[in-house]
Amino acid sequence: MKKLIIINGPNLNLLGKREPKIYGSLSFTEFLDKVKAKYTNVKIDYFQSNIEGELIDKLHEVGFNYDGVILNAAAYTHTSVGIGDAVKAIETPVIEVHISNTYSREEFRHQSYISANAKGVILGFGLQSYELAIQSFL
Ligand code: DQA
């Protein structure tokens, strides 16, 4: 069975409550339960942290023994050379995802330190962005 992990960065623990016009009103755990029930042929782990170093530690931990990482580094996407370097350092392919279309938002969201080393980027499809990434790994 394939082993995937979804890694979510800062403020994504507030999904469902946070700016619902942009990010929707479903909590991530509600969404994850649905996705896990739908994709029973794959192991889907989940990790969320608001702390940059914890995200880097998790990438190191899974980066040599998982089949895929689905990473929404949230605001750190636009600022973190460290997370970008971690994505480059590991062997497991990483798909960068975003809920919103970051290119239709403020200019500081157009920059990503992750994209250059990601296998691909999926953004703008709401929570479905994560599901499209899962399907791509399958
Ligand atoms: C986000 C987009 C980022 O610009 C923002 O900082 C987030 C969420 C998204 O999924 O749309 O926190 O990564």
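Preceding this paragraph is the structure being described.
What counts, and where the lines are drawn
Residues numbered from 1 in each chain as written. Predicted model: local features only at pLDDT ≥ 70, side-chain atom pairs only at ≥ 80, totals over all residues. Heavy atoms only, no water. Buried < 20%, exposed > 50% of the residue type's maximum accessible area, 1.4 Å probe, protein only. Helix = DSSP H or I, 4+ residues; strand = E, 2+ residues; numbered from the N terminus. Pairing = 2+ DSSP bridges. Right-handed = clockwise from strand over helix to strand, strands pointing away.

1. Notes on the pairing of strand S4 (residues 94–98)
Along any regular strand the residues' side chains alternate between the sheet's two faces.
Then step 1. The buried fraction of S4 amounts to 5 of the 5 residues, a majority that puts the element mostly inside the structure.
Then step 2. What you see with S4 is no split at all: Val94, Glu96 and His98 on one side and Ile95 and Val97 on the other are buried throughout.
Then step 3. Relative to S4, strand S3 (residues 68–72) is paired through 3 bridges, and the arrangement is parallel. Along S4, the bridge assignment pairs Leu71 with Glu96.
Then step 4. Between the parallel pair S3 and S4, the chain is carried across by helix H4 (residues 81–89), and the sense of this crossover is right-handed.
Then step 5. Direction of pairing for S4 relative to strand S5 (residues 120–123): parallel, over a ladder of 4 bridges. Along S5, the bridge assignment pairs Glu96 with Val121.

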